[in-house]
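# Fold and geometry: a report
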Amino acid sequence: MTTVGIIANPAAGKDIRRLVAHASVFDNNEKVNIVRRVLLGLEATGVERVLLMPDYFKIGAKAVHGLQLSLQTSFVGIVAEHSERDSVEAARDMARAGATCIVTLGGDGTNRAVAKGCGNVPLVPISTGTNNVFPTMVEGTVAGLAAGFVAQGTVAGSDVVRQTLRLEIWREEELVDIALIDAVVYDGHFTGARAIWQADGLRQIVLTRAEPHSIGLSAIGGTLAGPDLDPDQGLAIDIGPGALQVLAPIAPGLIRWVGVRSYRRLAPGESVAVQAAPTVLALDGERTMVLGQPETVRIRLSADGPRVVDIRVAMQRAAAQGLLVQRTAATG
């Protein structure tokens, strides 16, 4: 039975950057509509079962209500805590239940949580968060079609489902966390409101992607690296007074000059040492870990990131294979 998971985070797109910057609020009712369109896309490809994550807004239940679907829908049996752990455990349960693709609705943080539980199951990330570098803006119907074709195995290949990079946080030689886009050493003693929207406290930035057209801290690296950064490379940046000043959109509507002391490319397996304490470590845009005293903490670039479906390539492959064409008998 072909199974696809859907994880829609009701908290995505609602952090403090709506108040201190100019980010849009992504309404949960719109997430319901997106999930509906994903379901209809999955159904059109012949997917037989969809597993949904329960949440406080009941996005999945509202999406299914009133739809006459031929596929089966059910919820994974997690106890919702209304935290990051819900996405981690839901992804883990979906993988154990045989899901061959998982569709996510959220931002970088949501997908970071899903990546902790999904194992080798490929993701189709739909952007509904704030700083969205990992997920993409895509119509839910098309995302559902692409996810269905990949889940069925009718389109495949390393260009359809690609392995991504990740950043691993090693504390005293123990892997304690991961990030998908950026790990930031930030001046402070508390996680506070979690989201980062000020450049003044930045000390170090480590990136898996450096794209000048991105929003968030990835844009700083994109300006430095330009188009020359290979897909299997990362970037380490030391922030502070130096020879360079970079103009970057660090949050929606917040464009700042950021001083750069130095920067270098990273290959998978290379690490960056966290240089100071006390400090806060922010992962994918959210302050996560407080380091109150000097200790051995390293940020390591790894090639073991989640597998991600390239929706454009998947749909191009489906069209080339004739999956979107049906021949009918000639009339006359």
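Here, the structure is the one placed above.
Residues numbered from 1 in each chain as written. Predicted model: local features only at pLDDT ≥ 70, side-chain atom pairs only at ≥ 80, totals over all residues. Heavy atoms only, no water.

## A word on the pairing of strand 2 (residues 49–52)
Sheet topology note: the strand 1 (residues 3–8)/strand 2 ladder contains four bridges and is parallel. Paired with Ile6 across the bridge in strand 2 is Leu52. Taken together, strand 2, helix 3 (residues 59–64) and strand 3 (residues 72–75) form a β-α-β motif whose crossover is right-handed. (Pairing = 2+ DSSP bridges. Helix = DSSP H or I, 4+ residues; strand = E, 2+ residues; numbered from the N terminus. Right-handed = clockwise from strand over helix to strand, strands pointing away.)

## Details of helix 5 (residues 108–115)
Among the eight residues that make up helix 5, seven are buried, leaving the element largely enclosed by the rest of the structure. For helix 5, every residue scored as buried is listed here: Asp108, Thr110, Asn111, Arg112, Ala113, Val114 and Ala115. (Buried < 20%, exposed > 50% of the residue type's maximum accessible area, 1.4 Å probe, protein only.)

## Observations regarding the packing of aromatic side chains
Taken as a whole and judged by the stated rule, the model has zero aromatic pairs. In this structure, Lys62 packs its charged tip against the face of Phe57, placed 3.7 Å from the ring centre. (Phe/Tyr/Trp six-rings, centres within 6.5 Å; stacked < 30°, edge-to-face > 60°. Lys NZ or Arg CZ within 6 Å of the ring centre and 35° of its normal.)

## Description of the pattern of salt bridges
Close approach of charged atoms lets side chains of opposite charge pair. For the structure shown, the criterion picks out 15 salt bridges. Ionic pairing is found between Glu89 and Arg92, a salt bridge with its closest N-O pair at 2.8 Å. Of this pair, Glu89 and Arg92 both sit in helix 4 (residues 84–96), three residues apart, roughly one helical turn. Put simply, Glu168 and Arg300 hold a salt bridge, and the shortest N to O gap is 2.9 Å. Pair noted here: Glu168 is in strand 7 (residues 166–171) and Arg300 is in strand 16 (residues 297–302), with a separation of 132 residues, a long-range link. Connected through shared salt-bridge partners, Glu84, Arg112, Lys116 and Asp177 make up one network. (Salt bridge = Lys/Arg side-chain N within 4 Å of Asp/Glu carboxyl O.)

## Observations regarding the sheet that holds strand 7
Sheet strands associate in pairs through backbone hydrogen bonding, adopting either a parallel or an antiparallel arrangement. Here four strands make up an open sheet; going across it, the order is 8-7-16-13 and the pairing antiparallel. The open sheet has two edge strands, strand 8 (174–179) and strand 13 (271–273), and neither has a second partner. Neighbour-to-neighbour, the strand axes of this sheet turn through a mean angle of 25°, independent of strand direction. Bridge count between strand 7 and strand 16: six bridges; the pairing is antiparallel. When the sheet's bridge partners are listed, Glu168 is paired in strand 16 with Arg300. (Axes fitted to C-alpha atoms, helices over the stretch in contact; angles between N-to-C directions.)

## Section: the environment of Ser127
One can find Ser127 in strand 5 (residues 123–127). Note: C-alpha distance between Ser127 and Ile239 (112 residues apart in sequence) is 28 Å. If we ignore the near neighbours within four places in the chain, the residues touching Ser127 are Phe26, Gly106, Asn132, Pro135, Thr136 and Met137. (Contact = heavy atoms within 4.5 Å.)

## Notes on unusual backbone geometry
Although it is not a glycine, Glu172 sits at a positive phi angle of roughly 50°. Secondary-structure assignment places Glu172 in the loop between strand 7 and strand 8. Phi is positive for Glu173, close to 70°, though the residue is something other than glycine. Following the sequence through the fold, Glu173 ends up in the loop between strand 7 and strand 8.

## A look at the sheet that holds strand 15 (residues 286–291)
In spatial order, the strands read 12-11-10-9-14-15; together these six strands make up an open sheet with antiparallel pairing. Two strands close off the open sheet at either side, each with one partner strand: strand 12 (254–266) and strand 15. The average angle at which neighbouring strand axes cross in this sheet is 35°, direction not considered. With five bridges connecting them, strand 9 (residues 182–186) and strand 10 (residues 202–207) associate as antiparallel partners. Each residue of the ladder has a partner; that of Asp182, found in strand 10, is Leu207.

## Digging into the pairing of strand 3
Bridge analysis of strand 2 against strand 3 gives four bridges, and the strand direction is parallel. Counted as the bridge partner of Val50 is Thr73 from strand 3.

## Considering the environment of Trp170
Mapped onto the fold, Trp170 is located in strand 7. Note on Trp170: relative accessible area 22%, which makes it partly exposed. Considering only alpha carbons, one finds Trp170 and Arg300, 130 residues apart in sequence, at a separation of 7.4 Å. With sequence-adjacent residues up to four places away left out, Trp170 is seen in contact with Leu175, Thr296, Val297, Arg298 and Arg300. Only 3.0 Å separates the side chain of Trp170 from the side chain of Glu168, close enough to count as a polar contact. (Polar contact = N/O pair within 3.5 Å; in protein donor to acceptor, adjacent residues only side chain to side chain.)

Read these as spatial facts, not as claims about activity.
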